[in-house]
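# Residue-level structure breakdown
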Amino acid sequence: METPTAPDPTLEELLNRAVPQIRPGQIVKGRVIDIAQDRVLVDVGYKSEGFVAKSEFMDTNKELSIKVGDQVEVLVEGMEDEGPIELSRIKAERAKVIEELREASERDGEVDGVIVQRVKGGFFVDVGAPAFLPGSQVEIHPVKDYDAYVGKTFKFKILAFNPEKRNIILSRKAYLQKVKEKLKQEILVKIRPGKKLTGKVKNIMPYGVFVDLGGIDGLMYTKDISWSRIRHPADVLKTGDDVEVVVLKIDAETGKITLGRKQLLPDPWISVMDKITKGSVVKGKVTKVSNFGAIVEVEPDVEALLPKAEISWDKKLKHPSEVVKVGDELELMVLFVDPEKRRIILSFRQLQSSPWDTLEQNYTVGQDVTGVVKAVKDFGLFVELEDGITGLVHNSDITWNRRLQKPAVAFRKGEDIHVRVLRLEPLKRRVTFGIKQIEGDPWATAGENYRPGTEVRGKIVELTPEGVYVEIRDGVEGFIRPAHMGERAEGEGPPALDQDGRVVAEVISLDLRKRRMELSLKTYEGVPLAEAEATPAEPPAPEPPPETPSEA
């Protein structure tokens, strides 16, 4: 069976196959074959020529920009079976631009554009098609004069692209950040800690200075600007200054660069340690005065502290400015030096006349004086004798009574007090006072007043398993052992003890060296203790010497 063969193509079909297939919206290339009064004929290789409005080939000077034979790209707008094709050069160029913009948007590329006009919220930009640039995207740093950008050509990144809705949004800021990041990476590869660089002061903050290193910023903290103490970086540097710096540190994760300036300058502390030692006398200039003291420059870029307490011997000094002022040049004694911490402490008063120097001329041991209580502590009292002279009254020297309560119960800060000078130690800046010594030692007469067998009256002040302590008089106590308490019923107190804890007892032994008196309770039948207490017995008077027989 024979296979049917297809009929031979007609001449029309052959012609259609030979003619390029074009369609509306397609961009094609053609050749100018004729220029008429208002249109230009273009051969695009189709069955019929196409025409383009002559105005589309006019330049800005209203001159025709093409001639017969030139090759042009046009966009097919309309087609008919018979008749010329409607073409547009402008729409072809616009479609080509749109396609280029689309490709740039997809590959995160950049486009060139001219900022044509400032509008609400930003700018109108011509990138071959209308686009919008928000004001926040025009620059990395804050903008003061937006009008200065109008009419200038820049590169942009495309943030949003939708030509059908005529929505193309640009960002110059994103482009600048990309360039800056690229430059930053290139610089980071070249620099390393210890490398010396030249930069320009870009911005000054209270905590430091930002330095432009040629596309990347580094931060120089205030402490790394100078070896001397700086109140504010603006006191040393100004915006726009060229500055020599050294790279101190690079953060690999953030790319943060820390810079230093003082590290390129001689360290003044290296040589100053040979000159300034503890106890030496130095000259310095006061650079600052505050509540805590003064700052003194003792060498160029080397400052030391003059504490308030070391300015004057006068404890009533309210503010250092009463004695020293900025600009004063002083001679000072070095009290403390710490090279590692770069710390020096000075004293002005140590080179001034001290009240301790004349202490032994003005006061003597055993002298009774009046002072002011400056502080009350658990261990005693601090008493100010005069400005700069403060001494201690220890608890043991306050009263003869060993049962003294805490000093704070009996004394108050600021009150006047009479004391006796016990010790003078001017070299140690120390004075010791006493209070009980003014009253006299009550045990001094105990040998005469409290002989064994003497009847005494007192009050129980402490009950212990070892016995009972009885206060006979202020500073003099007696002790009653259990064996000398007498007979008593179970649960009862000592005999001859009333509700107030008063007793009548007999001295059975006396040790003046140990200041110890032992007592024994006595029972007075028929004599109430209250009655006996009402007429307290005086210590017995010394017995008169035996009479000497008179001569006959």
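Here the structure is a predicted model, which means the values were calculated and not measured.

What counts, and at which threshold
- Residues numbered from 1 in each chain as written.
- Predicted model: local features only at pLDDT ≥ 70, side-chain atom pairs only at ≥ 80, totals over all residues.
- Heavy atoms only, no water.
- Helix = DSSP H or I, 4+ residues; strand = E, 2+ residues; numbered from the N terminus.
- Buried < 20%, exposed > 50% of the residue type's maximum accessible area, 1.4 Å probe, protein only.
- Areas by Shrake-Rupley, 256 points an atom, 1.4 Å probe, with all protein chains shown as cover.
- Arc of directions from axis to C-beta.
- Contact = heavy atoms within 4.5 Å.
- Phe/Tyr/Trp six-rings, centres within 6.5 Å; stacked < 30°, edge-to-face > 60°.
- Pairing = 2+ DSSP bridges.
- Axes fitted to C-alpha atoms, helices over the stretch in contact; angles between N-to-C directions.
- Salt bridge = Lys/Arg side-chain N within 4 Å of Asp/Glu carboxyl O.
- Expected span 1.5 Å × (residues − 1).
- Core = buried A, V, L, I, M, F, W, Y, C linked by side-chain atoms within 4.5 Å.
- pLDDT = per-residue confidence, 0-100.

### Section: the overall build of the protein
- From N to C terminus, the protein includes nine helices and 30 strands.
- Relative to its 552 residues, the protein shows a buried fraction of 37%.
- Of the roughly 34100 Å² of accessible surface on the protein, a fraction of 50% belongs to carbon and sulfur atoms.

### A word on helix H4 (residues 268-275)
- Buried residues of H4: Pro268, Trp269, Val272 and Met273, and no others. Projected onto a plane normal to the axis of H4, the buried residues spread over an arc of 130 degrees and lie on a single side. Seen from the buried face of H4, the exposed residues on the opposite side, beyond 90 degrees, are Ile270 and Asp274.
- Close packing links the buried residues of H4 with strand S17 (293-299), strand S18 (302-307), strand S19 (329-338) and strand S20 (343-347).

### Considerations on the packing of aromatic side chains
- This structure, assessed with the given rule, holds six aromatic pairs.
- Centre to centre, the rings of Tyr149 and Phe154 are 6.0 Å apart; their planes meet at 45 degrees, and the pair counts as tilted.
- Among the residues examined, Phe154 registers a relative accessible area of 16% and is labelled buried.
- Consider the rings of Tyr469 and Phe479, whose centres lie 4.9 Å apart with planes at 50 degrees: the pair is tilted.

### A short note on the sheet that holds strand S28 (residues 476-480)
- If you walk around this closed barrel you meet the five strands as S26-S27-S28-S30-S29, and the pairing is mixed. Averaged over neighbouring strand pairs, the angle between their axes works out to 50 degrees when direction is ignored.

### Quick word on the pattern of salt bridges
- Taken as a whole and assessed by the stated rule, the structure comprises 24 salt bridges.
- For Lys157, the salt bridge goes to Asp108, with nearest N and O atoms at 2.7 Å. Note that Lys157 is positioned in strand S9 (residues 153-162) and Asp108 in the loop between helix H2 (89-106) and strand S6 (110-119), a separation of 49 residues in sequence.
- On the basis of relative accessible area, Asp108 is assigned to the partly exposed category, the value being 44%.
- For Lys223, the salt bridge goes to Asp224, with nearest N and O atoms at 3.3 Å.
- It is possible to trace a salt-bridge network through shared partners that takes in Asp108, Glu110, Lys157 and Lys178.

### What about unusual backbone geometry?
- Even without being a glycine, Asp301 presents a positive backbone phi close to 65 degrees.
- Tracing the backbone shows Asp301 in the loop between S17 and S18.
- The phi dihedral of Arg515 falls on the positive side, at around 55 degrees, and the residue is not glycine.

### Notes on the side chain of Thr432
- Topologically, Thr432 is positioned in strand S25 (residues 430-434).
- When its relative accessible area of 11% is taken as the criterion, Thr432 is described as buried.

### Focus: the sheet that holds strand S5 (residues 85-88)
- In space, the five strands of this closed barrel follow the order S1-S2-S3-S5-S4, with mixed pairing throughout. Within the sheet, the average angular offset between the axes of one strand and its neighbour, ignoring direction, is 55 degrees.
- When strand S4 (residues 71-78) meets S5, the two strands line up antiparallel, connected through three bridges. When the bridges of S5 are listed, Gly78 appears paired with Glu86.

### Thoughts on helix H3 (residues 172-190)
- Taking 1.5 Å per residue as the helical rise, H3 with its 19 residues ought to reach 27 Å, and the 27 Å between its terminal C-alpha atoms agrees with that figure.
- Restricting attention to buried positions, one finds in H3 the residues Arg172, Tyr175, Leu176, Lys184, Ile187 and Leu188.
- Buried residues along H3 sit against S6, strand S8 (130-134), S9, strand S10 (167-171), strand S14 (242-250) and strand S15 (257-260).

### Here's the deal with the nonpolar core
- Counting 21 residues, the largest nonpolar core has Val298, Leu306, Ile344 and Leu346 as the members making the most contacts within it.
- Contributing elements (two or more residues each) for this core: H4, strand S16 (281-290), S17, S18, S19 and S20.
- Not counting the four nearest positions on each side in its chain, Leu346 is found in contact with Val282, Val296, Val298, Ala304, Leu305, Leu306, Pro307, Glu310, Leu332, Met333, Val334 and Leu335.

### Examining the environment of Lys285
- Turning to its location among the elements, Lys285 is positioned in strand S16.
- Judged by its relative accessible area of 41%, Lys285 is partly exposed.
- As for Lys285 and Glu297, which are separated by twelve residues in sequence, their C-alpha atoms are 5.2 Å apart.
- Residues contacting Lys285, with those up to four places away along its chain left out, are Ile295, Val296, Glu297, Gly327, Asp328 and Glu329.

### Quick word on the confidence of the model for the protein
- Taken residue by residue, the protein gives an average pLDDT of 82. The fraction at 70 or more is 86%.
- In this model, residues 14-19 is a region of pLDDT below 50 whose contacts with residues beyond four sequence positions or in other chains number seven contacts.
- The model gives residues 523-552 a pLDDT under 50, and that stretch makes 20 contacts with residues more than four places away or in other chains.

### Some remarks on the pairing of strand S27 (residues 467-473)
- Summarising the sheet, strand S26 (residues 455-464) and S27 pair through five bridges and their orientation is antiparallel. Within the sheet, the bridge partner assigned to Lys459 lies in S27 and is Glu471.
- With five bridges connecting them, S27 and S28 associate as antiparallel partners. When the bridges of S28 are listed, Glu471 appears paired with Glu477.
- Count of turn residues in the S27/S28 antiparallel hairpin: two residues, of which Gly475 carries a positive phi of about 95 degrees.

### Overview of the pairing of strand S11 (residues 196-205)
- In this structure, S11 lies alongside S14, joined through five bridges in antiparallel fashion. Bridged to Lys200 within S14 is Asp242.
- Here S11 pairs with strand S12 (residues 208-212) via five bridges, running antiparallel. What sits directly across from Lys200, in S12, is Asp212.
- Taken together, S11 and the strand that follows it, S12, pair antiparallel across an intervening segment of two residues.

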